[in-house]
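# A closer look at the structure
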Amino acid sequence: MTLEGNNSALIIYIIFIVLALAASYFSGYKMIKMTGYFGSQVFLACVINLFLVACAVFGWFLGVWGSSEALFYGGLVLGGCLFIVSEAALITTMYLRRDQLQGTEERAEEG
């Protein structure tokens, strides 16, 4: 599988997946700060990331379907790999910043 060909579509595809990660992290961050619930908000952030990456893959399907079969399948594999990496990065980052997001560090210092 090769990704040679439509470079502009590939760059837009990758940028959209990275922006999906940023948007899902930001929404999870804000909602954990507002509600204090960690698990449910991380789950919702993961669902938001899944939805946005699915939209990117659908856009990839529409944009590249007629040009090259190898480019199409290569982009699908790339999208799947980027999705797995972005979900792992999202969950890991949220988990490592859990105390800061929930505000338990500030409460521990006061008490």
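Now for a quick tour of the structure. (Residues numbered from 1 in each chain as written. Predicted model: local features only at pLDDT ≥ 70, side-chain atom pairs only at ≥ 80, totals over all residues. Heavy atoms only, no water.)

### Thoughts on helix H1 (residues 7–35)
- A rise of 1.5 Å per residue sets the reference length of H1, with its 29 residues, at 42 Å; its end C-alpha atoms lie 42 Å apart and thus fit the reference within 8%.
- Within H1 the residues assigned to the buried category are Leu 10, Tyr 13, Ile 17, Ala 20, Ser 24, Tyr 25, Gly 28 and Ile 32.
- Taken together, the buried residues of H1 touch helix H2 (39–64), helix H3 (69–96) and helix H4 (98–102).
- Phi turns positive, to about 85°, at Gly 36, one or two residues after H1. (Helix = DSSP H or I, 4+ residues; strand = E, 2+ residues; numbered from the N terminus. Expected span 1.5 Å × (residues − 1). Buried < 20%, exposed > 50% of the residue type's maximum accessible area, 1.4 Å probe, protein only. Contact = heavy atoms within 4.5 Å.)

### Re a nonpolar patch on the surface
- There is a patch of nonpolar side chains on the surface, built from Phe 58, Phe 61, Leu 62 and Trp 65 and spanning about 460 Å² of accessible area.
- Given the relative accessible area of 56%, Leu 62 is considered exposed. (Patch = residues over 30% accessible without salt bridge, like charges linked within 9 Å, V, L, I, M, F, W, Y side chains within 5 Å. Areas by Shrake-Rupley, 256 points an atom, 1.4 Å probe, with all protein chains shown as cover. Salt bridge = Lys/Arg side-chain N within 4 Å of Asp/Glu carboxyl O.)

Nothing here speaks to function; it is geometry throughout.
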